[in-house]
Amino acid sequence: MSADSYERLVAKLKRAHYLSTVAGLLGWDEQVNLPPDSADQRAEQLALLAELQHAAAADPEIGTLLTELESGLGISPADPLENAKDRGRSSQATPTPSLTVEPVCHLISDKPAVQADRAVVMREARRDYDRVVKLPAEFVAEKARLSSAAYHAWAAAKGKSDFVAFAPFLEKHLALAKQEAAYLGWADRAYDYAIDKHDPGMTAAKLTGLFTELKTGLVPLVRRIAESPVRAKNGIFKGFPVEAQRAFLRDVTERLGFNYRRGRIDVSLHPFCEGSGADIRMTTRFDADNPLDSLFSSIHETGHGLYEQGLPLAAQGTPLGQNAGMGVHESQSRLWENQVSRSRAFWKFFEPRFRERFPAQLAAVSSDDLYLAVNEVAPTLIRVDSDEVHYNLHILLRFELERRLFAGELEVRDLPAAWNALSQELLGLTPPADSQGVLQDVHWSGGAFGYFPSYCLGNMIAAQLWATALKTYPDIEDDFARGDFSRLLGWLRTGIHRQGRRYETLELVRRVTGEELTPKYLLRYLEERYAPLYL
Ligand code: ZN
């Protein structure tokens, strides 16, 4: 064994990573720039890149190098399930990553910090590699074909509010999801596997505990707000020119800390953020009569972008240069979107600048009306239109249904009835049609189970991070009132961004906030933000 083996491993990982960034860029371009008749050619390009990327990530030499490096460090050959368990268990007890690093091979490095970094890279590379090579090619192809067919079936079914037409595709997806878990050695914990794919170390049991406590506190708050006579005024924003909106959101996102020399923002149908390291592509959308939609979508994507820009560039292409998972990612977007940008301090600085750009449009809008519009709360059937108070209830509903489906407690054909009952229980609303209920989201058509919980997890993490930031810097909102967000960003850079995939979700939270993840900070934040406005 030699130091070369580690360097060769990193080179292989980078090759796979850079191929995936090219695919990401083509995907971004497809949604931002692609001429209408170029879609077929783009599909060919993306299919070729997916093939190349898969081959690079499944390169047998990665497996050989990992085995060689692991045996040199006295690590037993990887059992993926054991690895996954170890990640959670040992990482709780030790400040260094979970593999036991013994100075067996002085050629690798004699510096503990370097050894620790390399142990993280190897641990995570093993996890990724096993997940790539343990799925048979025919299985991957079958899942891709199903996803494509199911997407079109879902779109048609949603249009006609016809769940029965979509149900067979969902049944097949559920069967494949269980099959995938079995290939990876999680046959008896298929839903845990689906969750762990998005948020390493998280399980259905842990989520059930967190979500049950959240629900207990959240439902009464929602009911109290629903009974409030206070309502944000409808239709107070009219005729905000797109160019001026664009200039305003550039001012906002730049002040939050987004580096436009390493990223850009464009327009697409649905806002998203793509890319990592030195090239972040965000998108937004504009509506002349709804400037807050564009603004808050942009701030949300900026939160994602700030995270990606803050990952250590020197480690790009290795797990240390990659994000820690969906829940942590969403915590970054939500923290900037909600805790920061819906605050009085934020608007103290930005309201005059907003009025300066739109003097006529805002002439009749009072400061109170503006702030209430920023913090509007009203129940809706549709998740993506939801305010931040109701949003988590939409997620609890989806999590509960996924959990029952995987546990065999619920049949796919009974989903609409179960959805409607839970919707009534949690939101106080029953969808008049499945298009506004069980068929509203695209996720399940792609077989993306275990994905929804990340949104709620992100909200909880954001609130807990925010509480810790306030404890660390009690006067931090004074910064916001001056348009300065650098202290908060610097704190997130150190605690979250620079850690890459060093820790699993829950351990990262524990390390940065000093306690276990709990919903109490989210409940406290929502109470403190919305009670003064509505109760
Ligand atoms: Zn997001």
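The preceding data block contains the structure.
Residues numbered from 1 in each chain as written. Predicted model: local features only at pLDDT ≥ 70, side-chain atom pairs only at ≥ 80, totals over all residues. Heavy atoms only, no water.

Undergrad: Quick question: what am I supposed to make of the overall build of the protein here?
TA: Each helix and strand counted, the protein has 21 helices and three strands in total. For a compact globule of 535 residues, the expected C-alpha radius of gyration is about 24 Å, and the protein comes in at 24 Å, within 12% of that figure. If you line up the protein on its principal axes, its C-alpha atoms span 75 × 55 × 50 Å. Considering only contacts in the protein between residues 6 or more positions apart, those separated by 24 or more positions represent 74%. Accessible surface, the protein: about 22600 Å² in total, of which carbon and sulfur atoms supply 54%. Between the mean site of the 62 positive side-chain charges and the mean site of the 72 negative ones, the protein shows a separation of 3 Å. (Helix = DSSP H or I, 4+ residues; strand = E, 2+ residues; numbered from the N terminus. Rg over C-alpha atoms; globule rule 2.2 N^0.38 Å. Contact = heavy atoms within 4.5 Å. Areas by Shrake-Rupley, 256 points an atom, 1.4 Å probe, with all protein chains shown as cover. Lys, Arg positive; Asp, Glu negative; His and termini not counted. Charge placed at Lys NZ, Arg CZ, Asp CG, Glu CD.)

Undergrad: How should I be thinking about helix α20 (residues 505–513) in this particular structure?
TA: Count 3.6 residues to each turn of an α-helix, and residues three or four apart come out pointing the same way. Counting buried residues along α20, eight of its nine residues qualify, which places the element largely inside the surrounding structure. Residues of α20 that are buried: Thr505, Leu506, Glu507, Leu508, Val509, Arg510, Val512 and Thr513. In the segment just after α20, Gly514 is the residue with positive phi, at about 80°. (Buried < 20%, exposed > 50% of the residue type's maximum accessible area, 1.4 Å probe, protein only.)

Undergrad: What am I meant to see in the coordination of the zinc ion here?
TA: Each pair of donors in an ideal octahedron of six around a metal sits at 90 or 180 degrees, and each pair in an ideal tetrahedron of four sits at 109.5 degrees. The protein atoms that coordinate the zinc ion are His300 (NE2), His304 (NE2) and Glu330 (OE), at distances spanning 2.1 to 2.3 Å. Taken in chain order, the donor set of the zinc ion reads H-x3-H-x25-E. Of this pair, His300 sits in helix α11 (residues 291–310) while Glu330 sits in helix α12 (residues 326–340), and the two are 30 residues apart along the sequence. Of the residues examined, His300 reaches a relative accessible area of 11% and is grouped as buried. Judged by its relative accessible area of 6%, Glu330 is buried. (Donors = N, O, S within 2.8 Å, 3.2 Å for Na, K, Ca; no water.)

Undergrad: Before we go on, may I ask you to explain the packing of α11 against α12 in this structure?
TA: Packed helices, taken two at a time, are described by their axes: the angle between them and the distance between them. The interhelical angle for the contact between α11 and α12, taken along N-to-C directions, is 135°, at an axis separation of 7 Å. Judged by the inter-axis angle, α11 sits oblique to α12. Seen along the crossing, α11 lies across α12 with a hand that is right-handed. For the pair α11 and α12, the contacting residues are Phe296, Ile299, His300, Gly303, His304, Leu306, Tyr307 and Glu308 in the first and Val328, His329, Glu330, Gln332, Ser333, Arg334, Trp336 and Glu337 in the second. Along the lines of polarity and charge, the residues of the contact of α11 with α12 split into six nonpolar, six polar and four charged. (Axes fitted to C-alpha atoms, helices over the stretch in contact; angles between N-to-C directions. Parallel < 35°, antiparallel > 145°, perpendicular 65-115°, else oblique. Left-handed = near helix turned anticlockwise from the far one by under 90°. Nonpolar A, V, L, I, M, F, W, Y, C, P; charged D, E, K, R; others polar.)

Undergrad: Before we go on, may I ask you to explain the nonpolar core in this structure?
TA: Nonpolar side chains in soluble globular proteins generally cluster together in the buried interior. Trp336, Trp347 and Leu488 are the most contacted members of the largest nonpolar core, which has 129 residues in total. In terms of residues, this core owes the most to one element, helix α17 (residues 452–472), which gives 12 residues. Excluding its chain neighbours within four sequence positions, the residues that come into contact with Leu488 are Trp336, Val340, Trp466, Ala469, Ile476 and Phe480. (Core = buried A, V, L, I, M, F, W, Y, C linked by side-chain atoms within 4.5 Å.)

Undergrad: Before we go on, may I ask you to explain the sheet that holds strand β1 (residues 263–267) in this structure?
TA: Through backbone hydrogen bonds, the strands of a sheet pair up, either in parallel or in antiparallel fashion. Pairing in this open sheet of three strands is mixed, and the strands run β1-β3-β2 from one edge to the other. Two strands bound the open sheet, and with one partner strand each, they are β1 and β2 (273–276). Each strand of the sheet is rotated relative to its neighbour by a mean of 15°, with strand direction disregarded. In this structure, β2 lies alongside strand β3 (residues 279–284), joined through four bridges in antiparallel fashion. For Gly275, the partnering residue across the bridge sits in β3 and is Ile280. Packing of α11 onto the sheet brings it into contact with β1, β2 and β3, and relative to β3 it is tilted by some 165°. (Pairing = 2+ DSSP bridges.)

Undergrad: Got a minute to help me understand the pairing of β3 in this structure?
TA: Remark: a regular strand shows side chains that alternate across the two faces of the sheet. With respect to burial, β3 is a largely interior element, five of its six residues being buried. Pairing of β1 with β3 involves five bridges; the strand directions are parallel. Paired with Asp266 across the bridge in β3 is Thr283. Connecting the antiparallel pair β2 and β3 is a turn made up of two residues, with Gly277 showing a positive phi of about 65°.

Undergrad: Would you take a moment to explain the pattern of salt bridges for this structure?
TA: Any two side chains of opposite charge can pair, given that their charged atoms come close. According to the stated counting rule, one finds 42 salt bridges in the structure shown. Lys172 is the salt-bridge partner of Glu142, the closest N and O atoms lying 3.3 Å from each other. Pair noted here: Glu142 is in helix α6 (residues 137–160) and Lys172 is in helix α7 (residues 163–183), with a separation of 30 residues, a long-range link. For Lys172, a relative accessible area of 36% translates into the label partly exposed. Residues Asp441 and Arg398 are paired through a salt bridge, measuring 2.6 Å at the closest nitrogen-oxygen approach. One end of the pair, Asp441, is in the loop between α16 (415–427) and α17; the other, Arg398, is in helix α15 (residues 388–407), with 43 residues separating them in the sequence. Each member of the pair, Asp441 as well as Arg398, is classed as buried. Three or more residues joined by partner-sharing salt bridges are found here, namely Arg8, Lys12, Asp59 and Glu61. (Salt bridge = Lys/Arg side-chain N within 4 Å of Asp/Glu carboxyl O.)

Worth remembering: the numbers are spatial, not functional.
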